[in-house]
Amino acid sequence: MKRFCGPTLSTCGIIMSVWGIIQLAIMGALFHVRSVNLVEDVSVSEEDFALHPDLVDSAYKQQAYNCWVCAGIYVLLLALSAQQMWLNIKPKPYIAA
Amino acid sequence: MGSLFRSQEMTLCQLFLQSEAAYACVSELGELGLVQFRDLNPDVNAFQRKFVNEIRRCDEMERILRFLDKEVRKDGIPILETGENPEAPQPREMIDLEATFEKLENEMREINANSEALKRNYLELTELKHILRKTQNFFDEMQHDSNPIRQDEDANLLQPSLSAEGPSEVHASSLKLGFVAGVILRERIPAFERMLWRVCRGNVFLRHTEIESPLEDPHTGNEVFKSVFIIFFQGDQLKNRVRKICEAFRATLYPCPETPTERREMAFGVMTRIEDLTTVLGQTQDHRHRVLVAAAKNINIWFLKVHKIKAIYHTLNLFNLDVTQKCLIGECWCPVVDLDRIRLSLRRGTELSGAAVPSILNRMDTAEVPPTYNKTNKFTSAYQNIVDAYGVANYREVNPAPFTVITFPFLFAVMFGDLGHGLVMAFLALFLVWKENWIMSRKIEGEIFGTIFGGRYIIFLMGLFSIYTGIIYNDVFSKSINIFGSRWTANRSVYDFQHHHPKEGDAFQMDPILDYRNTSGPYPFGIDPAWMLADNKISFINSFKMKMSVILGVMQMMFGIVLSCFNHVFFGRMINVFCEFIPQVLFLACLFGYLVVLIFYKWVNFTAYESGCAPSLLIGLINMFLFKYQDNPPNNKDGTPCLLNQFYSAQKSFQSFLVLLALFCVPWMLCIKPFIMYRRWKAAHNSVPLHNVVDENGHAEGPVKADHAHGGGHDDHGGGNGDHFDTGNVIIYQAIHTIEFCLGIISNTASYLRLWALSLAHAQLSEVLWTMVMKFSFSINGWGGIPLLFFLFMAWAGLTLAILVAMEGMSAFLHALRLHWVEFQNKFYGGQGYPFQPFSFSSMLDAKPADD
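Keep in mind that this is a model prediction, so the values were computed, not measured.

Peer 1: Residues and numbers for the overall build of chain B, please.
Peer 2: Regarding its fold elements, chain B presents 26 helices and 11 strands. Within chain B, residue pairs in contact and separated by at least 24 positions form 80% of the contacts whose partners lie at least 6 positions apart. For chain B, the exposed area adds up to about 44,600 Å²; of that, 59% sits on carbon and sulfur atoms.

Quick look at the structure:
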């Protein structure tokens, strides 16, 4: 595939996606087990919280899946950045020689 | 590896080098890098020194090398970086080097001159080619246009001549037109046109067209864009004017034949000559390339060699010549522990040069203060730099750097406490540490990167400590983690809560007595995660962090005072131990040491049942200074505020005793030392007979000078004033120090509260970032949240890096720096020394890229 970003951008992409994969995977797991600490982050109104516990459950589930899908997208981004990085590094010896 | 606690013991040495061996010996010492030479001829200017000729030759060689380097870079030939470190060449090799360089330079100059001439020639031919081609177009157009115009207007000035005979430069007839053709820089065309119009009053006709391809300027090698122009005019007078204007505009004029056939022939000729020139030019370029590639292989090593030779002769210029001219005498500072290594390399140098007489290194006694030399490695050097940035330590005084290794990252982490940010920082620094050899070999330019890379070990430790404090604060990107299980339980129903506190409305308040599960002890490590969800989280954490700041501050200041005792004992100033160190410790312990004890007492002693009625520390401290106590036993039932309660029964008398003791320390620090010094001086003065005044003066001044740096002022009075003890100066000096210390203790303790303030700011900022960015990305309750989450996570991570890790990290770094420089070091650190700068090839070559 063609090289379309330089060494800095691909490094940036690698760091960002590694971070994203780790953190989003963990956060997905935390949403899945319905962590209390994330209760303010789930978008459920206060009345629903008291009256419809099933709504809260589904919201937690939804955010967990969102996090995991995003982690998956970051895996793709990581692969792309790594491939670009590889292209950036590889021709170096030929230029120098 | 010497101890970092004090700087190395230094000695002044005299060095006798035989003339023949001097060069080799100095070269060996340069490789060793452990001696600092002193200039023995400070009055002699640079041109009158012994080895001025050699240095001039080195300069000349450097000039040639720089010229070659420039040429190599111009052609984009890669320079070989072997990382090799050649020995300094022998003096006789210098001649070879010079010859090589001179030959190379001459060759290069010749090639350059030739290729410039060839290129100029080529340029002219190319321009001529373009002129012939473009003017042909003009003439063709004229031919096409002329007929209809001629029918319209017979009196037309231009067309008849063109159509009839073609253009002619030397036509005598008034109807015949002349022309000149040439080439001019494209940007000059508008001005040129206007000038022609004005000067010739519109009587000339200018046509111009652009040459599409850029031409190469033979002199500078830059690409320039030019235009071909042709000017038609009538008469000799106009012709002269036109030529002058062309000259003024630096246009190059070329002869252009009048008839089409001649032009065609000329064009053919030009084409063949261009072809010939191209081959010759190609050969010249090839030759030049070959020469430069050969030079590029060696140029770095040559640079190193010449630098070394030059440095050696510079050093030899600092030496004195013996009367017999047989030997050179130098003086140098060197560390005592390394004397053997220095002697060894001197012997090696002597053997290398084949001299018969060995070189001699003699220790000398001197009254001068030696330079400060701390042996550091790649880990400690960054910390030493932090300390040295404030001031280089006095010779052999306690060096704060080894303590800074731990206290600096720790105080930083107290302000930066966040597990997530600490992890990010530690991983970035870990990468730099892990790949340090690779990064160093890359030689990445840039001041900011250099600073970060130089401090990679500090940053790594700062990251690790931030992870630790982050766990203590239970803070990960403003969220908490529940590892051991929160001790707070909501085992009552909602209605119980509301019943318990009816006026709170629907807010649930947890009661430490009812809702705290204490059977397995408190939360084992750090703050209970339940606090992260509490409304009163900030007031709880503030109280904890403020107390912690005071405790850490008092500990560090006390440690600084203890270090000052090490200095007093080491330099034999016992008077300072009794008149400064002891009252200082008492002063700090009575005021803020006592506060620290009370803090711990309050933490440990009050249970949940009585915590609502605990005495206030701050008001208690203020009342302690004001001697204000409640007379009656406190009876909180009738409205007396709890915060005025007493911690224990004998509080009033004990606290009063502490304050009075601290106050007593002030005159102790202020008066006793000047008094003892006066007594000592007087005793020494009386015990010596009068005729020995000069001798006695030296004795009397000895202790005074040793006791305070201020002795210089005393010295100024000269020998005749020996019976004068400068009471005023001594007392003022002591008063300033005492006031500075006493006020400093109070203001510095307050200054340590920045630990709390910065830590609060950091936690709040990361919470704000989470609520503004990350929380928003969960606001869509469906699959549509995925792209939102994807992009907002990136934004959040970027902002976390830029604001929380980089900016907040910088601010916490600066505050930690200040706490060390001011609050910690002013208790013991003089910082009046001067650094040891050894003559060393490696440090010289490291510094080299900076001035290139």
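Peer 1: Give a detailed account of the UniProt feature "transmembrane region" (unreviewed entry) in chain A, specifying residues and quantitative values.
Peer 2: All names here are of chain A. When the UniProt feature table is mapped to this numbering, "transmembrane region" (unreviewed entry) covers residues 12-33 and 63-82. Between the C-alpha atoms that bound residues 12-33 there is a distance of 32 Å. The span itself is 95% helix and 0% strand. Span residues 63-82 is 100% helix and 0% strand, its end C-alpha atoms 28 Å apart.

Peer 1: Account for the packing of helix α9 (residues 380-390) of chain B against helix α25 (residues 785-824) of chain B, naming residues and giving values.
Peer 2: Residues and elements named next belong to chain B. Interhelical geometry of α9 versus α25 gives an angle of 65° and a closest axis separation of 11 Å. Regarding α9 and α25, the two cross each other, and that crossing is right-handed. Only F813, L817 and W821 of α25 make contact with α9, whose side of the interface consists of I386, V387, A389 and Y390. Looking at side-chain class alone, the contact of α9 with α25 contains seven nonpolar, no polar and no charged residues.

Peer 1: Can you tell me about the interface of chain B and chain A, naming the residues and giving the values?
Peer 2: Listed as interface residues are 27 residues of chain B and, on the opposing side, 25 residues of chain A. Where chain B abuts chain A, roughly 2,500 Å² becomes buried across the two surfaces, and 67% of that area is made up of carbon and sulfur atoms. Viewed at the interface, chain A and chain B are joined by one salt bridge. Taking the shortest distance from any N to any O, the salt bridge between D41 of chain A and K479 of chain B comes out at 3.2 Å. For the pair chain B and chain A, the number of links is 11 residue pairs in polar contact (both at pLDDT 80 or more). Residue assignment for the side of chain B that touches chain A shows that the elements contributing at least two residues are α24 (754-774) and α25 of chain B. Taken together, the residues of the side of chain B that touches chain A sort by class into 18 nonpolar, seven polar and two charged.

Peer 1: Requested: an account of the UniProt feature "transmembrane region" (unreviewed entry) in chain B, with residues and values cited.
Peer 2: Residue and element names in this part refer to chain B. On the UniProt side, "transmembrane region" (unreviewed entry) is annotated at positions that read residues 410-434, 454-473, 550-569, 581-601, 654-672 and 785-807 here. In this annotation, residues 454-473 is assigned 95% helix and 0% strand; the end-to-end C-alpha distance for the span is 30 Å. With 100% helix and 0% strand, residues 581-601 has its two end C-alpha atoms placed 27 Å apart.

Peer 1: Please provide a residue-by-residue account of the pattern of salt bridges, values included.
Peer 2: Pairing of side chains with opposite charge becomes possible as their charged atoms draw close. Residue and element names in this part refer to chain B. Considering all chains together, one arrives at 29 salt bridges over all chains under this definition. Salt-bridge contacts for E31 lead to K308; the nearest nitrogen and oxygen are separated by 3.0 Å. Remark: K308 occurs in helix α7 (residues 260-317) and E31 occurs in helix α1 (residues 19-32); sequence separation between them is 277 residues. Classification of E31 as partly exposed rests on a relative accessible area of 30%. Judged by its relative accessible area of 0%, K308 is buried. We note a salt bridge from R38 to E368, for which the minimum N-O separation is 2.5 Å. One end of the pair, R38, is in strand β2 (residues 36-38); the other, E368, is in the loop between β11 (360-364) and α9, with 330 residues separating them in the sequence. What you see here is one network of salt bridges that share partners, running through E60, R63, E105 and R109.

Peer 1: Provide a residue-level description of the packing of aromatic side chains, including the pertinent values.
Peer 2: Residues and elements named next belong to chain B. Going through the model one piece at a time under the given rule, you end up with 51 aromatic pairs over all chains. Feature note: the residues F5, Y390, F403, F559, F566, W821, F824, F828 and Y829 constitute an aromatic cluster, connected by ring pairs. Lying across the ring of W434, K435 places its NZ or CZ 4.8 Å from the centre. In this arrangement the basic side chain of K545 is found over the ring face of Y473, its NZ or CZ atom lying 4.2 Å from the centre.

Peer 1: Before we move on, could you go through the sheet that holds strand β3 (residues 178-185) of chain B and cite the residues and values that matter?
Peer 2: Working definition: the strands of a sheet are paired by backbone hydrogen bonds and lie parallel or antiparallel to each other. Residue and element names in this part refer to chain B. Strand order in the open sheet formed by four strands is β4-β7-β3-β8, with antiparallel pairing between adjacent strands. The sheet terminates laterally at β4 (205-210) and β8 (252-254), the two strands that pair on one side only. If you compare each strand with its neighbour and ignore which way they point, the axes differ by 25° on average. Contacts from helix α5 (residues 189-199) reach β3, β4 and β7 (226-233) within the one sheet, and its direction differs from that of β4 by about 175°.

Peer 1: Explain the confidence of the model for chain B residue by residue, including any values.
Peer 2: Do not read the fine detail of predicted coordinates wherever pLDDT is low. Residue and element names in this part refer to chain B. Of all residues in chain B, 87% attain a pLDDT of 70 or more, and the chain-wide mean is 83. Ranking the helices and strands of chain B by mean pLDDT puts helix α14 (residues 456-473) first, with 95, and helix α22 (residues 711-715) last, with 37. This stretch, residues 148-174, has a pLDDT under 50; its non-local contacts, to residues over four places away or in other chains, come to 37 contacts. Across the interface, the model reports ipTM at 0.91; the global pTM reads 0.79.

Peer 1: Just give me the short version of the UniProt feature "coiled-coil region" (unreviewed entry) in chain B, but keep the residues and values in it.
Peer 2: The positions that UniProt labels "coiled-coil region" (unreviewed entry) are, in the present scheme, residues 94-128 of chain B. End C-alpha to end C-alpha, residues 94-128 of chain B measures 50 Å, and it is 100% helix and 0% strand.

Peer 1: Before we move on, could you go through α1 of chain B and cite the residues and values that matter?
Peer 2: Residues and elements named next belong to chain B. End to end, α1 covers 20 Å across 14 residues, agreeing with the expected 20 Å (1.5 Å per residue, within 8%). In terms of residue burial, α1 counts as a mostly covered element, since 10 of its 14 residues are buried. Just downstream of α1, G33 is the residue with a positive phi angle, here 70°.

Peer 1: Describe the pairing of strand β10 (residues 327-335) of chain B, with residues and values.
Peer 2: Residue and element names in this part refer to chain B. Of all the nine residues making up β10, nine are buried; the element is thus mostly covered by neighbouring parts of the structure. The alternating pattern of β10 places C327, I329, E331, W333 and P335 and L328, G330, C332 and C334 on opposite faces, both of which are buried. Of the strand pairs in this sheet, strand β1 (residues 10-18) and β10 are connected by nine bridges, and their pairing is antiparallel. Within the sheet, the bridge partner assigned to M10 lies in β10 and is P335. Judged from the three bridges that link them, β2 and β10 form a sheet pairing that is antiparallel. In the strand pairing of β10, R38 is matched with E331. The antiparallel pairing of strand β9 (residues 320-321) with β10 creates a hairpin that spans five residues between the two strands, and Q325 there sits at a positive phi of about 65°.

Peer 1: I'd love a proper account of helix α2 (residues 52-74) of chain B, names of residues and values included.
Peer 2: Each full turn of the α-helix corresponds to 3.6 residues, which orients residues three or four apart in the same direction. Over its 23 residues, α2 of chain B extends 33 Å from the first C-alpha to the last, a length consistent with the 33 Å expected when each residue adds 1.5 Å. In the stretch just after α2 of chain B, G76 of chain B is the one whose phi turns positive, near 65°.

Peer 1: Describe in detail a nonpolar patch on the surface, supporting the description with residues and values.
Peer 2: All names here are of chain B. Taken together, the side chains of L618, I619, I622, F625, L626 and L643 present a nonpolar region at the surface, about 530 Å² in accessible area. With respect to the secondary-structure elements, I622 resides in helix α19 (residues 617-626). Overall, the relative accessible area of 44% leaves I622 in the partly exposed class.

Peer 1: I'd love a proper account of the side chain of N317 of chain B, names of residues and values included.
Peer 2: Residue and element names in this part refer to chain B. By the element assignment, N317 lies in helix α7. A polar atom in the side chain of N317 sits 2.9 Å from the backbone nitrogen of F51. In this structure, N317 is in contact with N41, R49, K50, F51, V52 and I55, ignoring residues within four places of it in sequence.

Peer 1: Pulling in residues and values, what's your account of the side chain of S480 of chain B?
Peer 2: Mapping S480 of chain B onto the fold places it in the loop between α14 and α15 (494-500). With a relative accessible area of 9%, S480 of chain B lands in the buried category. Side-chain polar atoms of S480 of chain B contact the side chain of N37 of chain A, separated by 2.6 Å. Of note is the side chain of S480 of chain B, whose polar atom sits 3.5 Å from the backbone oxygen of P529 of chain B. When near neighbours in sequence (up to four residues on either side) are disregarded, S480 of chain B contacts N37 of chain A together with N474, P529 and M532 of chain B.

Peer 1: Go over the environment of L292 of chain B, please, and point to the residues and values.
Peer 2: Residues and elements named next belong to chain B. The topology assignment puts L292 in helix α7. With 90 residues separating them along the chain, L292 and A382 place their C-alpha atoms 41 Å apart. Those residues in contact with L292 that sit more than four places away from it in its chain are E71, V72, D75, I77 and M108.

Peer 1: Which residues make up the nonpolar core, and what are the values?
Peer 2: It is characteristic of soluble globular proteins that their nonpolar side chains tend to be buried jointly. Counting residues in each nonpolar core, the largest one holds 104 residues, and the members touching the most others are F31 of chain A together with F587 and W796 of chain B. Sort the elements by how many residues they give to this core and α25 of chain B lands first, with 14 residues. Setting aside residues up to four positions removed in sequence, F31 of chain A forms contacts with L38, V42, Y60, Q63, A64 and C67 of chain A together with F778 of chain B. By size, the runner-up hydrophobic cluster in this structure holds 60 residues, among which are I77, L292, W302 and L339 of chain B.

What counts as what
Residues numbered from 1 in each chain as written. Chains lettered and ligands numbered in written order. Predicted model: local features only at pLDDT ≥ 70, side-chain atom pairs only at ≥ 80, totals over all residues. Heavy atoms only, no water. Helix = DSSP H or I, 4+ residues; strand = E, 2+ residues; numbered from the N terminus. Contact = heavy atoms within 4.5 Å. Areas by Shrake-Rupley, 256 points an atom, 1.4 Å probe, with all protein chains shown as cover. UniProt positions renumbered as here; feature names shortened; annotations may be inferred. Axes fitted to C-alpha atoms, helices over the stretch in contact; angles between N-to-C directions. Left-handed = near helix turned anticlockwise from the far one by under 90°. Nonpolar A, V, L, I, M, F, W, Y, C, P; charged D, E, K, R; others polar. Buried area = accessible area lost by both parts, 1.4 Å probe. Salt bridge = Lys/Arg side-chain N within 4 Å of Asp/Glu carboxyl O. Polar contact = N/O pair within 3.5 Å; in protein donor to acceptor, adjacent residues only side chain to side chain. Buried < 20%, exposed > 50% of the residue type's maximum accessible area, 1.4 Å probe, protein only. Phe/Tyr/Trp six-rings, centres within 6.5 Å; stacked < 30°, edge-to-face > 60°. Lys NZ or Arg CZ within 6 Å of the ring centre and 35° of its normal. Pairing = 2+ DSSP bridges. pLDDT = per-residue confidence, 0-100. Expected span 1.5 Å × (residues − 1). Patch = residues over 30% accessible without salt bridge, like charges linked within 9 Å, V, L, I, M, F, W, Y side chains within 5 Å. Core = buried A, V, L, I, M, F, W, Y, C linked by side-chain atoms within 4.5 Å.

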